[in-house]
Amino acid sequence: MAADPYAWIEQSLATIEACNWYRSVQTINGHPGPTVLLEGQEVINFASNDYLGLAGDERLIAAATTAIQEFGTGSTGSRLLSGHRELHRQLELAIASFKQTEDALVFSSGYLANLGTITALAGKRDLILADRYNHSSLKNGAILSGATIIEYPHCHLPTLKNELQRQRHNYRRCLIITDSVFSMDGDLCPLPALLDLAEAFSCMLLVDEAHATGVLGQTGAGCVEHFGCTGRRLIQIGTLSKALGSLGGYVAGSTALIDFLRNRAPTWIYTTALSPADTAAALAAINIVRKEPHRRQQLWENVNYLKKSIQQYCPELKLLPSESPILCLQFADAKEVLNVGQKLKSAGIFAPAIRPPTVPTSRIRLSVMATHQKVHLEKLIQSLHGIKDNFSFQANKKTTPHHGEV
Ligand SMILES: Cc1ncc(COP(=O)(O)O)c(C=O)c1O
């Protein structure tokens, strides 16, 4: 009999398990928030991207419910065929106004926004320069485009400049792609310097604002605003699923760029339009983010309090450099970090262990929310303090390059 062509799948799973890289889902019940029911146990939630606590906000729920009543549950087709609703355009105009760009386009997810935009902008004759720590959607968008890809070491501008000097002239177009807030590290890309290099070498620059929108900048418009780069020529991608508490993705930029993507981005053209409920919830969220800056202020108070407390009470812990609500504690290896995650869970703290191949070194990833109360943060510190003596915290066994969020 011929060999089983599917047998390799089980063998591969066994290898994944043996490396402690095996992943599975955990069920959460009830509303999203700073505490959640995780498989029946009430835990303090440090695993959510709902930075401003909007995913369970009554106003988003009301907007989504009204949209379902008015338009039904599904968009029934792609935007260019039967899927387009006025609501989509309202959301796009709201994003463009928030980001101070000429226009915007919404996709069904941030992942699809990256795949569609990168494949539309670059092809076989082009060069993509990419930060090594970029999110999986940027990495896969680059691969799918067929362009030549050069990864530069994380945020390392001298290497980027060197590659531009050596390679730029060999290619028709060049696209630099980077996360603005690195999703598994929490640090920021050096945006002003990247923009200067892009301008000097006639490159397009695409930044993924997934973890920055609603969080960074005076009005919450993101890292571009944070660095005072509003109005400079670049392509901004983002998601509606993190601080904006809904689902979907977007691209913001010039009128010509958006018009071009409507004609050339396959993950926008050949997929069903964002559902009315998600669209309405995201629109409500943008209005709230703009009107309620105190949410962002509270978020940053929480971030600063937690950082200070970790440094003060758990100085042995290795906190990776961060300028965002994503705080990562590095551990020796996958086995150890899984053990820490389990211990934290037993103490009532939900903080995911992130392991290779998602990241090069194993870490506990804490994401802070505006709706965390001081008691939640104190409980986390106590729990970390309680377990810290059992672990080495000495990390740095490099494995594979990381692919962004799990
Ligand atoms: C940096 C980054 N880009 C893109 C995405 C994808 O966004 P979405 O969840 O909307 O697909 C994520 C996370 O999911 C992310 O962390």
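Residues numbered from 1 in each chain as written. Predicted model: local features only at pLDDT ≥ 70, side-chain atom pairs only at ≥ 80, totals over all residues. Heavy atoms only, no water.

*Asks:* What am I meant to see in the overall build of the chain here?
*Replies:* The helix and strand inventory of the chain stands at 15 helices and 15 strands. Taking 406 residues into account, the globule formula puts the C-alpha radius of gyration at 22 Å, and the chain, at 21 Å, falls close to it. Considered along the principal axes of its C-alpha atoms, the chain spans approximately 60 × 55 × 55 Å. Here the chain holds 406 residues, and 56% of them are scored as buried. Summing over all exposed atoms, the chain offers an accessible surface of approximately 17600 Å²; the carbon and sulfur share of this is 53%. Side chains of the chain carry 38 positive and 36 negative charges; the gap between the two charge centres is 4 Å. (Helix = DSSP H or I, 4+ residues; strand = E, 2+ residues; numbered from the N terminus. Rg over C-alpha atoms; globule rule 2.2 N^0.38 Å. Buried < 20%, exposed > 50% of the residue type's maximum accessible area, 1.4 Å probe, protein only. Areas by Shrake-Rupley, 256 points an atom, 1.4 Å probe, with all protein chains shown as cover. Lys, Arg positive; Asp, Glu negative; His and termini not counted. Charge placed at Lys NZ, Arg CZ, Asp CG, Glu CD.)

*Asks:* Hey, could you run me through the sheet that holds strand S3 (residues 41-45) in this one?
*Replies:* The strand order across the open sheet built from four strands is S1-S2-S3-S13, with neighbouring strands paired in mixed fashion. Taken across any chain shown, the strands that pair with only one partner, and hence form the sheet edges, are strand S1 (28-29) and strand S13 (349-350). Strand contacts of helix H14 (residues 334-346): strand S2 (35-38), S3 and S13, with the helix running at about 115° to S3, the strand carrying the most contacts. (Pairing = 2+ DSSP bridges. Contact = heavy atoms within 4.5 Å. Axes fitted to C-alpha atoms, helices over the stretch in contact; angles between N-to-C directions.)

*Asks:* I'm lost on the site of the ligand in this one. Help?
*Replies:* Around the ligand, the surrounding shell holds 15 residues, and the nearest of these are Gly-110, Asp-208, His-211, Thr-239 and Lys-242. Within the side chain of Asp-208, a nitrogen or oxygen atom sits 2.5 Å from a nitrogen atom of the ligand. Within the side chain of Lys-242, an N or O atom sits 2.9 Å from an oxygen atom of the ligand. A total of 380 Å² of accessible area belongs to the ligand in isolation, and the protein chains cover 88% of it. A class-by-class count of the residues in the shell around the ligand yields two nonpolar, nine polar and four charged. (Near = heavy atom within 4 Å. Polar contact = N/O pair within 3.5 Å; in protein donor to acceptor, adjacent residues only side chain to side chain. Nonpolar A, V, L, I, M, F, W, Y, C, P; charged D, E, K, R; others polar.)

*Asks:* Sorry if this is basic, but what is going on with the packing of helix H12 (residues 276-291) against helix H13 (residues 293-313) here?
*Replies:* What describes two packed helices is the angle between their axes and the distance between those same axes. Here H12 crosses H13 at 75°, and the two axes come no closer than 5 Å. Taken together, H12 and H13 sit at an angle that is classed as roughly perpendicular. Residues Ile-288, Val-289, Arg-290 and Lys-291 of H12 touch H13, and the partners they reach there are Pro-293, Arg-295 and Arg-296. A per-class count over the contact of H12 with H13 returns three nonpolar, no polar and four charged. (Parallel < 35°, antiparallel > 145°, perpendicular 65-115°, else oblique.)

*Asks:* In this structure, what is going on with the pairing of strand S15 (residues 363-367)? I would like to understand it.
*Replies:* One face of the sheet, then the other: side chains in a regular strand alternate in exactly this way. Taken across its five residues, S15 has five buried, putting it largely inside the fold. Going residue by residue along S15, you find Arg-363, Arg-365 and Ser-367 tucked away on one face and Ile-364 and Leu-366 tucked away on the opposite face as well. With five bridges joining them, strand S12 (residues 326-330) and S15 adopt antiparallel strand pairing. Note that in S15 the partner of Leu-329 across the bridge is Ile-364. Bridging between strand S14 (residues 353-354) and S15 involves two bridges; their strand directions are antiparallel. Counted as the bridge partner of Ile-354 is Arg-363 from S15.

*Asks:* So what exactly am I meant to see when it comes to the side chain of Asp-126 here?
*Replies:* Positionally, Asp-126 belongs in the loop between helix H5 (110-121) and strand S5 (127-131). Since its relative accessible area comes to 1%, Asp-126 is described here as buried. Within polar-contact distance, the side chain of Asp-126 engages the backbone nitrogen of Arg-173 at 2.9 Å. Beyond its immediate chain neighbours, meaning those up to four positions away, Asp-126 contacts Leu-121, Ala-147, Thr-148, Tyr-171, Arg-172 and Arg-173.

*Asks:* Explain the domain arrangement of the chain to me, please; I cannot follow it from the model alone.
*Replies:* Interfaces are often sized by the accessible area lost when the parts come together. What the domain assignment reports for the chain is domain 1 (32-55 + 293-396) and domain 2 (58-291). Taken together, the 25 residues of domain 1 in the interface contact 27 residues of domain 2. Buried area between domain 1 and domain 2, summed over both chains or domains, comes out near 2000 Å², and the portion from carbon and sulfur atoms is 58%. Considering only the surface of domain 1 that becomes buried against domain 2, Leu-54, Arg-296 and Glu-323 emerge as the three largest contributors, covering 30% of it. (Domains from an automatic or database assignment. Buried area = accessible area lost by both parts, 1.4 Å probe.)

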